[in-house]
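# Coordinate inspection notes
What follows is the residue order along each chain.
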Amino acid sequence: MKSTTVRRVGLSIAVTAALTGVAACGSSGSSGGSGKDDGAAGKGATRVSPIAALRSAEQSTDKEDSAKVESSTVMGSLMSMDAKGNLGWGDGITGTLTMTYTGGTLADTMRAAGSTSMEARYLPDAYYAKMGEKFAEQAGGKHWIKYAYDDLAKLGGSSGAYLKDQMQNSTPNQSVKLLLASGDVKKVGTESVRGQQTTHYSGTVNVADLASKNSNLTAAQLAGLKKQLTAAGVSTEQVDIWVNSQDLLVKKVEKGEMSSGQYTQTAYYSDYGAKVTATVPPAGDTEDFTDLLKKQGMTPGTGDTATGSGTSS
């Protein structure tokens, strides 16, 4: 495996593992709550208006702090991936996910690195990706890559700053807030999801609005992020959620368009309050991503790393 492949895999993991964590615990966990603050909603979301039901879910989600997550993600021709594990959001995103790359150019890149599956551990200040033996042979014998959120901010410019903010501050009710603010929320109907009777809600949101309403970015960072989103062809996305009779989110689907093709994420949620564990891997078996870049003759924060140009070539 060439050094360029090491860099390409590292950049790919930096983007997709972080995005998966944000999607699962930020927007994808959008309305997982127990409608304890709205008696009517708690007895059946079908009896209240979409706005009232979502507002109840948004408020009660703050009382939940973890869940079991299963998701599948497709990003145009770049990748398709499945993920499962337990995630918490009481103090930023924490927990462990097992990710399996099932298609796209990223799966080919991972296959070249010796594995199409990896473990990702999310902690308050960084996340860690466990790679295969073939990758370790080319990376000084170490199996884990550490991605500090401060470094992600440097790697990705405005989008990196947003990613860092979301990884450290996301809560599952943020997408509910966004749907409420969008003014475009409707009740689709009642449907069965994995044996549970649920109420289906749908809405269209402006992606740039998500950043401005769900982050602590400066005006300059927001402007830069909007520019990057526009360049990627991202403008709006459709958000669908399914809530059971206890006002707990059981399914979430996000769909949108990018210049590289359509992206879709479907996620299922269960076992709210599930135990979440995520420990820092042994230091002797961990390579810091910025150090890995430096060994390849690259400087974190330069155009090569910020653009992520190696992720799809």
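Residues numbered from 1 in each chain as written. Predicted model: local features only at pLDDT ≥ 70, side-chain atom pairs only at ≥ 80, totals over all residues. Heavy atoms only, no water.

## Describing the overall build of the chain
Secondary structure assignment for the chain yields eleven helices and twelve strands. Classification of the 313 residues of the chain by burial places 53% in the buried group. Excluding contacts between residues fewer than 6 apart, the proportion of contacts in the chain whose partners are at least 24 apart in sequence is 64%. When the accessible area of the chain is evaluated, it comes to approximately 12800 Å², of which 48% is carbon and sulfur surface. (Helix = DSSP H or I, 4+ residues; strand = E, 2+ residues; numbered from the N terminus. Buried < 20%, exposed > 50% of the residue type's maximum accessible area, 1.4 Å probe, protein only. Contact = heavy atoms within 4.5 Å. Areas by Shrake-Rupley, 256 points an atom, 1.4 Å probe, with all protein chains shown as cover.)

## A look at the environment of Asp-271
Among the structural elements, Asp-271 can be located in the loop between strand S11 (261-270) and strand S12 (286-288). Given the relative accessible area of 49%, Asp-271 is considered partly exposed. On a C-alpha basis, the gap between Asp-271 and Val-69 in space is 8.8 Å, while along the polypeptide they are 202 residues apart.

## Considerations on the packing of aromatic side chains
Taken as a whole and judged by the stated rule, the model has four aromatic pairs. When the centroid spacing of 4.9 Å and the interplanar angle of 25 degrees are considered together, the rings of Tyr-127 and Tyr-147 count as stacked. One end of the pair, Tyr-127, is in strand S5 (residues 126-130); the other, Tyr-147, is in strand S6 (residues 144-148), and 20 residues separate them in sequence. Classification of Tyr-127 by relative accessible area gives buried; the value is 0%. Here the aromatic residues Tyr-122, Tyr-127, Tyr-147, Tyr-149 and Phe-289 are joined through ring pairs into a cluster of three or more. The ring of Tyr-268 carries Arg-194 above its face, with NZ or CZ at 3.7 Å from the centroid. (Phe/Tyr/Trp six-rings, centres within 6.5 Å; stacked < 30°, edge-to-face > 60°. Lys NZ or Arg CZ within 6 Å of the ring centre and 35° of its normal.)

## Looking at the side chain of Thr-264
For Thr-264, the location among the structural elements is in strand S11. Setting aside its immediate chain neighbours within four residues, Thr-264 contacts Ser-72, Thr-73, Val-74, Val-253, Glu-254 and Lys-255.

## Here's the deal with the sheet that holds strand S10 (residues 249-258)
Here twelve strands make up an open sheet; going across it, the order is S7-S8-S9-S10-S11-S1-S2-S3-S4-S5-S6-S12 and the pairing mixed. Edge positions in the sheet fall to strand S7 (185-193) and S12, since each has one partner strand and no second. Adjacent strand axes in the sheet meet at a mean angle of 20 degrees when their direction is disregarded. With five bridges connecting them, S5 and S6 associate as antiparallel partners. Each residue of the ladder has a partner; that of Tyr-128, found in S6, is Lys-146. Strands strand S2 (79-88) and strand S3 (94-103) of the sheet are contacted by helix H4 (residues 104-112), whose axis makes an angle of about 100 degrees with S3. (Pairing = 2+ DSSP bridges. Axes fitted to C-alpha atoms, helices over the stretch in contact; angles between N-to-C directions.)

## A look at the pairing of strand S8 (residues 196-206)
As a general feature of sheets, a regular strand has side chains that alternate between the two faces. With eight bridges joining them, S7 and S8 adopt antiparallel strand pairing. For Lys-186, the partnering residue across the bridge sits in S8 and is Ser-202. Following S7, the chain reverses through two residues before pairing antiparallel with S8; Arg-194 in that reversal takes a positive phi of roughly 50 degrees. Examined bridge by bridge, S8 and strand S9 (residues 236-244) share nine bridges and lie antiparallel to one another. By the bridge assignment for S9, Val-205 is matched with Glu-237.

## Overview of the pattern of salt bridges
Considering all chains together, one arrives at three salt bridges under this definition. Its salt-bridge partner being Glu-70, residue Arg-194 comes within 3.3 Å of it at the nearest N-O pair. With Arg-194 in the loop between S7 and S8 and Glu-70 in strand S1 (residues 66-75), this residue pair connects regions lying 124 residues apart in the sequence. Relative accessible area serves as the criterion here: at 26%, Glu-70 is assigned to the partly exposed category. Where Arg-121 meets Glu-119, a salt bridge forms, and the shortest distance between an N and an O atom there is 2.7 Å. Its relative accessible area of 23% is what places Glu-119 among the partly exposed residues. (Salt bridge = Lys/Arg side-chain N within 4 Å of Asp/Glu carboxyl O.)

## A closer look at the nonpolar core
Counting 49 residues, the largest nonpolar core has Met-99, Tyr-101 and Tyr-122 as its most contacted members. With five residues, helix H6 (residues 149-169) is the largest single contributor of residues to this core. Ranked by size, the runner-up nonpolar core spans five residues in total, among them Leu-123, Ala-126, Tyr-128 and Ala-148. (Core = buried A, V, L, I, M, F, W, Y, C linked by side-chain atoms within 4.5 Å.)

## Remarks on the confidence of the model for the chain
Averaged over the chain, the pLDDT score is 73; the fraction of residues at 70 or greater is 62%. A low-confidence stretch, residues 27-47 (pLDDT under 50), is modelled with 80 contacts involving residues beyond four sequence positions or located in other chains. (pLDDT = per-residue confidence, 0-100.)

## Some thoughts on the pairing of S5
Most of S5 sits inside the fold, with four of its five residues counted as buried. In this sheet, S5 lies alongside strand S4 (residues 117-123) in antiparallel orientation, the contact comprising five bridges. Following the sheet pairing, Tyr-122 is matched in S5 by Tyr-127.

## Observations concerning H4
Since the α-helix packs 3.6 residues into each turn, any two residues three or four apart lie on the same face. The complete set of buried residues in H4 reads Leu-106, Ala-107, Thr-109 and Met-110. The arc that holds the buried residues of H4, viewed along the axis, is 160 degrees, so those residues lie on one side. Remark: Gly-114 follows H4 within two positions and exhibits a positive phi of approximately 100 degrees. (Arc of directions from axis to C-beta.)

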